Amino acid sequence: MISLFSINVLKKQRLLIHGTSPRFYVINGERKPFFCSEKGGARLFLKHEKIFLNSLEIDRENFLRVTQVHGNYVYVLKDPDILVSEVGKFEADAIITHIPNCPIAVLTADCVPIIIYDPIKHVTGLVHAGRMGTQKNILTNTIEALSREYGSSPKDLIMGMGPAIRGCCYEVNESSALPFIKKYSLCSEFIKKTEKNKFSLDLPMINQFEGCKAGVLKENIHSDVPCTVCENHRWYSYRKEGKTGRLVTLAMLQRRE
Ligand SMILES: [Zn+2]
């Protein structure tokens, strides 16, 4: 079984299943690496995909995910019979759906995984928000897509993030920081100058700010997540490790009676 990271504000929603995988799971009292890579398809990935789903008591072999490209396109999952392989062909960095019993997932290692749930319309969305995606407003696009496709009102949305690199460990050069400095100005709580031409960014906090700007209530956003570098023993970090595994963040709607 896998001891999954979950978010309190979302745990209260009994018709939503969600969770993020850590880097280990325990089988017969033994700790083993839990490994999913973006390539997918490999035997180990398929095996671990099933272990992950079973840990959430989801009786399926696979979850649905798109090909993530650090862009700002939102994939709307409308067809309940679509094949996993078909969904995988779409290049996008967010998925939204109204389909129950259909597990959707994003993979991350430092980037921010964001789960969005609308308990009124009973629809969900998942976002992969790295630096580029955040800069290109992937979260705002996803909130807009939920409104456009399903009539969601931002004030009803509940948003939770998973483990991601935080400002304590995410230092970037001036050219990477510049679009954020222009947008939010310096010395805000999520962009800090660290040394000459270096800046630290806190992507979960930036996305919280963007969520609020799009109309989500601050009390409905959970962004106080562990840092993947500080807690690298628990979470994969691309920044710290280079080539490494991915954390899987999943959301699934249960059927509403
Ligand atoms: Zn850190």
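Residues numbered from 1 in each chain as written. Predicted model: local features only at pLDDT ≥ 70, side-chain atom pairs only at ≥ 80, totals over all residues. Heavy atoms only, no water.

Caption draft 1: Molecular detail of the overall build of the protein. Across its full length, the protein carries eight helices and 14 strands. At 17 Å, the protein has a C-alpha radius of gyration in line with the 18 Å of a compact globule built from 257 residues. Principal axes of the C-alpha set define a box for the protein whose edges measure 50 × 45 × 35 Å. Burial statistics for the protein: of 257 residues in total, 53% are counted as buried. For the protein, restricting intrachain contacts to residue pairs at least 6 apart in sequence, the fraction spanning at least 24 positions comes to 67%. (Helix = DSSP H or I, 4+ residues; strand = E, 2+ residues; numbered from the N terminus. Rg over C-alpha atoms; globule rule 2.2 N^0.38 Å. Buried < 20%, exposed > 50% of the residue type's maximum accessible area, 1.4 Å probe, protein only. Contact = heavy atoms within 4.5 Å.)

Caption draft 2: Region of the structure containing the packing of helix 5 (residues 138–150) against helix 7 (residues 203–213). The N-to-C vectors of helix 5 and helix 7 enclose an angle of 35°; their axes lie 9 Å apart at closest approach. The element helix 5 and its partner helix 7 pack so that their crossing is right-handed. Contact residues: helix 5 offers Leu 139, Thr 140 and Ile 143, while helix 7 offers Asn 207, Glu 210 and Gly 211. Split by residue class, the contact of helix 5 with helix 7 holds two nonpolar, three polar and one charged. (Axes fitted to C-alpha atoms, helices over the stretch in contact; angles between N-to-C directions. Left-handed = near helix turned anticlockwise from the far one by under 90°. Nonpolar A, V, L, I, M, F, W, Y, C, P; charged D, E, K, R; others polar.)

Caption draft 3: Looking closely at the packing of helix 6 (residues 174–184) against helix 7. Two elements in contact, helix 6 and helix 7, have axes separated by 13 Å at closest approach and are oriented at 40°. The pairing of helix 6 with helix 7 is recorded here as oblique in orientation. Where helix 6 crosses over helix 7, the handedness of that crossing is left-handed. Mapping the contact onto sequence places Phe 180, Lys 183 and Tyr 184 in helix 6 and Ile 206, Phe 209, Glu 210 and Lys 213 in helix 7. A per-class count over the contact of helix 6 with helix 7 returns four nonpolar, no polar and three charged. (Parallel < 35°, antiparallel > 145°, perpendicular 65-115°, else oblique.)

Caption draft 4: Region of the structure containing the coordination of the zinc ion. For the zinc ion, the full set of protein donor atoms is Cys 168 (SG), Cys 169 (SG), Cys 227 (SG) and Cys 230 (SG), at a range of 2.3 Å. Classification of the site at the zinc ion rests on its four donor atoms, whose angles at the metal span 102 to 115°, yielding the label tetrahedral. (Donors = N, O, S within 2.8 Å, 3.2 Å for Na, K, Ca; no water. Tetrahedral: all angles 85-135°; square planar, octahedral: opposite > 155°, others 65-115°.)

Caption draft 5: Structural view of the sheet that holds strand 9 (residues 158–161). Reading across the sheet, the six strands line up as 4-5-8-7-9-13 and stay open at both edges, with mixed pairing between neighbours. For this open sheet the edge positions go to strand 4 (74–77) and strand 13 (221–222), each flanked by a neighbour on one side alone. Along the sheet face, helix 7 touches strand 7 (112–118), strand 8 (123–129), strand 9 and strand 13 and points at about 170° away from the line of strand 9. (Pairing = 2+ DSSP bridges.)

From the geometry alone we can't say anything about function, so treat these as descriptive.
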